[in-house]
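A look at the structure
Letter by letter, the chains look like this.
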Amino acid sequence: MKAGFVYDPIYLKHDTGQHVEIARRLEAIISHLEQTGLKQQLTAIKPRPATIAELSLVHHEQYISLVRETAQRGGGWLDMDTVMSPDSYDAALYAAGGVIKATEAVMNGEVNSAFALVRPPGHHATPRRAMGFCLFNNVAIAAKYALSKFGLEHILIIDFDVHHGNGTQEVFYDNPQVLYTSTHQYPHYPGTGSIDETGSGTAKGTTVNIPLPSGCGDAEYQQVFQQIIVPVAKRFNPQLILVSAGYDTHWADELALMQISVTGFAQMVKIIKELADELCSGRLVFSLEGGYNITALAASVKATFEVLLGNTNIEDPLGQTRYRWTVPNIDPLIKAIKETHNLL
Ligand SMILES: [Zn+2]
């Protein structure tokens, strides 16, 4: 089983200064993969910059120019959370191009699955603006690219970042060829992602939001995956699965209040991999979104690769949550989502 990874030092040059979304995140992932010997088991995929035509599959020309010009001016803030340095535009081109390259490698059969270890992340970026640390919407661009380049008709995007991927939802809200499903803490940043946002026109039903109360852990995510994401995926029957992999759902992450463990991420990835194996010849591409506790992030990404390689021995150095949350009962929520999406 061949698993690929995309990485390039250009991603470290997106300098955010005093920020949670920092180069150290990727450095820690790469050094953890090296120290544990896992990196040697993976196939390196070299990224390239996305072209303007590829960015334009999702973003408006004026917005692309704004990002480029902000970098040329030496950087600056594009919204209250999103900052650029002089090299951020190039890093962002390589982030989008990295997910494209990962998708190509999977579609061409060079690897069975791939994980693009990129930054800046993408899922909050909308066609016209930067948001939530994101400049270009890497996963949305790769999905659009795969639709046109490989003539695909059904792509599933699974987003398990703790935040709702408002940008990705917006891009595909009226596109019946891409089913976007997201698990996220709700209410929380960015405020979107309620059950009744389900898509529009012929795409009604191809946005599946799973807004979860804070305190959900491994068991609740298992329940959500088994009872909603698996049946939705089987009904949609994708030819490719893209994953917005955000690890800020980990219990030790300070940006949100979910209680997933490294073991819990491995369980989710296993379900996703089994779906890909069953539905689309294993074609599966991960792209890094959030994850701000460096130790939890590195261990969770490693666990993700272990599952992609078919390994069952998952190390969980942080163990289960140390917080005493009252575990929420999500049965009524699951029932409501099933009713909304005719899964009963
Ligand atoms: Zn996030």
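As a reminder, the structure under discussion sits directly above these lines.
Okay, so let's go over this structure. (Residues numbered from 1 in each chain as written. Predicted model: local features only at pLDDT ≥ 70, side-chain atom pairs only at ≥ 80, totals over all residues. Heavy atoms only, no water.)

1. Brief notes about the coordination of the zinc ion
Four donors placed tetrahedrally around a metal ideally meet at 109.5 degrees, and six donors placed octahedrally ideally meet at 90 or 180 degrees. Protein coordination of the zinc ion is provided by Asp-161 (OD), Asp-161 (OD), His-163 (ND1) and Asp-248 (OD), with donor distances spanning 2.0 to 2.7 Å. Geometry at the zinc ion is irregular, judged from its four donor atoms and the angles of 53 to 153 degrees they form at the metal. Sequence spacing of the donors to the zinc ion: D-x1-H-x84-D. In this pair, Asp-161 is assigned in the loop between strand 6 (155-159) and helix 6 (166-172) and Asp-248 in the loop between strand 9 (240-245) and helix 8 (262-279), connecting sequence segments 87 residues apart. Exposure remark for Asp-161: the relative accessible area of 1% places this residue in the buried category. (Donors = N, O, S within 2.8 Å, 3.2 Å for Na, K, Ca; no water. Tetrahedral: all angles 85-135°; square planar, octahedral: opposite > 155°, others 65-115°. Helix = DSSP H or I, 4+ residues; strand = E, 2+ residues; numbered from the N terminus. Buried < 20%, exposed > 50% of the residue type's maximum accessible area, 1.4 Å probe, protein only.)

2. Re the sheet that holds strand 1 (residues 3-6)
Strand order in the open sheet formed by eight strands is 2-1-5-10-9-6-7-8, and the pairing between neighbours is parallel. Single-partner strands in this sheet number two, and they are strand 2 (43-45) and strand 8 (207-212). This sheet shows a mean twist of 15 degrees between the axes of neighbouring strands, independent of strand direction. As defined by bridge partners, strand 6 adjoins strand 7 (residues 178-185) across five bridges and the pair is classed as parallel. Bridging across to strand 7, Ile-157 finds its partner in Tyr-180. Those strands touched by helix 7 (residues 218-236) are strand 6, strand 7 and strand 8, and its axis lies near 170 degrees from that of strand 7. (Pairing = 2+ DSSP bridges. Axes fitted to C-alpha atoms, helices over the stretch in contact; angles between N-to-C directions. Contact = heavy atoms within 4.5 Å.)

3. Things to note about a nonpolar patch on the surface
On the surface, a nonpolar cluster with roughly 300 Å² of combined accessible area is contributed by Leu-257, Tyr-323 and Trp-325. Among the secondary structure elements, Leu-257 is positioned in the loop between strand 9 and helix 8. (Patch = residues over 30% accessible without salt bridge, like charges linked within 9 Å, V, L, I, M, F, W, Y side chains within 5 Å. Areas by Shrake-Rupley, 256 points an atom, 1.4 Å probe, with all protein chains shown as cover. Salt bridge = Lys/Arg side-chain N within 4 Å of Asp/Glu carboxyl O.)

4. Details of the packing of helix 1 (residues 23-35) against helix 9 (residues 294-308)
It is at 9 Å that the axes of helix 1 and helix 9 come closest, and there the two elements cross at 50 degrees. Classified by the angle their axes make, helix 1 and helix 9 are oblique. Between helix 1 and helix 9 the crossing geometry is right-handed. Note on element contacts: helix 9 touches helix 1 through Ile-294, Leu-297, Ala-298, Ala-299, Val-301, Lys-302 and Phe-305, opposite Arg-24, Arg-25, Ala-28, Ile-29, His-32 and Leu-33. Split by residue class, the contact of helix 1 with helix 9 holds nine nonpolar, one polar and three charged. (Parallel < 35°, antiparallel > 145°, perpendicular 65-115°, else oblique. Left-handed = near helix turned anticlockwise from the far one by under 90°. Nonpolar A, V, L, I, M, F, W, Y, C, P; charged D, E, K, R; others polar.)

5. Here we look at helix 3 (residues 61-72)
Between its terminal C-alpha atoms helix 3 stretches 16 Å, which fits the 16 Å expected from 12 residues at 1.5 Å a residue. Along helix 3, the positions that sit buried rather than exposed are Tyr-63, Ile-64, Ser-65, Val-67, Thr-70 and Ala-71. Elements in contact with the buried residues of helix 3: helix 2 (52-55), strand 3 (76-77), strand 4 (83-84) and helix 4 (88-107). Among the residues trailing helix 3, Gly-74 stands out with phi positive, at a value near 105 degrees. (Expected span 1.5 Å × (residues − 1).)

6. Side note on the nonpolar core
Leu-117, Phe-136, Ile-241, Tyr-247, Phe-286 and Phe-305 are the most contacted members of the largest nonpolar core, which totals 113 residues. Here this core gets 12 residues from one element, more than from any other, and that element is helix 4. Aside from chain neighbours lying at most four places away, what touches Phe-305 is Gly-4, Phe-5, Leu-33, Leu-38, Leu-42, Phe-115 and Leu-117. (Core = buried A, V, L, I, M, F, W, Y, C linked by side-chain atoms within 4.5 Å.)

7. Notes on the side chain of Asp-161
The side chain of Asp-161 is buried and forms no salt bridge, while Arg-25, the nearest opposite charge, is found at 6.9 Å. A distance of 2.8 Å separates a polar atom in the side chain of Asp-161 from the backbone nitrogen of His-163. In this structure the side chain of Asp-161 is engaged in a polar contact, spanning 2.9 Å, whose partner is the backbone nitrogen of Gly-290. Aside from chain neighbours lying at most four places away, what touches Asp-161 is His-123, Thr-183, His-184, Ser-244, Gly-246, Asp-248, Thr-249, Glu-289 and Gly-290. (Lys, Arg positive; Asp, Glu negative; His and termini not counted. Polar contact = N/O pair within 3.5 Å; in protein donor to acceptor, adjacent residues only side chain to side chain.)

By themselves, these are just geometric observations and shouldn't be taken as functional.
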